[in-house]
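# Residue-level structure breakdown
Listed here are the chains, written in short residue letters.
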Amino acid sequence: MRENRLPPVRNAAQCPEARVQQLHLIAAARVAAVRPATPQQVSDIVRVTVDDEVDTRTFRAIVTDISDDVLR
């Protein structure tokens, strides 16, 4: 049986944007597993995931993107 996997993320050492993409995917998976009810809960999960690896603007963009998908 074929596994359902996402394509591999580009190497973060070669491309800093790849690390942001990887963090975004990990945060989205964690949020989906928890099924939060408020934007603050989404923000808390993303904060733990990115752990000071991104700037404030990128953090907000990730939270907004994930919140739009999860909190409908």
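Structural data are supplied above this passage.
Residues numbered from 1 in each chain as written. Predicted model: local features only at pLDDT ≥ 70, side-chain atom pairs only at ≥ 80, totals over all residues. Heavy atoms only, no water.

## Quick notes on the pattern of salt bridges
If you walk through the whole model with that rule in mind, you get two salt bridges. Of the charged contacts, one joins Arg-19 and Glu-53 as a salt bridge, the two residues approaching to 2.8 Å between their closest N and O atoms. With Arg-19 in helix 1 (residues 16-34) and Glu-53 in the loop between helix 2 (39-50) and helix 3 (56-70), the pair connects residues that are 34 residues apart, well separated along the chain. Relative accessible area serves as the criterion here: at 27%, Arg-19 is assigned to the partly exposed category. (Salt bridge = Lys/Arg side-chain N within 4 Å of Asp/Glu carboxyl O. Helix = DSSP H or I, 4+ residues; strand = E, 2+ residues; numbered from the N terminus. Buried < 20%, exposed > 50% of the residue type's maximum accessible area, 1.4 Å probe, protein only.)

## Structural notes on the environment of Gln-22
Relative to the elements of secondary structure, Gln-22 occurs in helix 1. On a C-alpha basis, the gap between Gln-22 and Val-50 in space is 9.7 Å, while along the polypeptide they are 28 residues apart.

## As for unusual backbone geometry
Residues other than glycine seldom take positive phi values, yet Arg-35 does so here, at roughly 55°. Along the chain, Arg-35 falls in the loop between helix 1 and helix 2. With phi around 65°, Asp-52 is a residue other than glycine that occupies positive phi space. Tracing the chain through its elements places Asp-52 in the loop between helix 2 and helix 3. Take Asp-52: its relative accessible area is 74%, and that puts it in the exposed class.

Worth remembering: the numbers are spatial, not functional.
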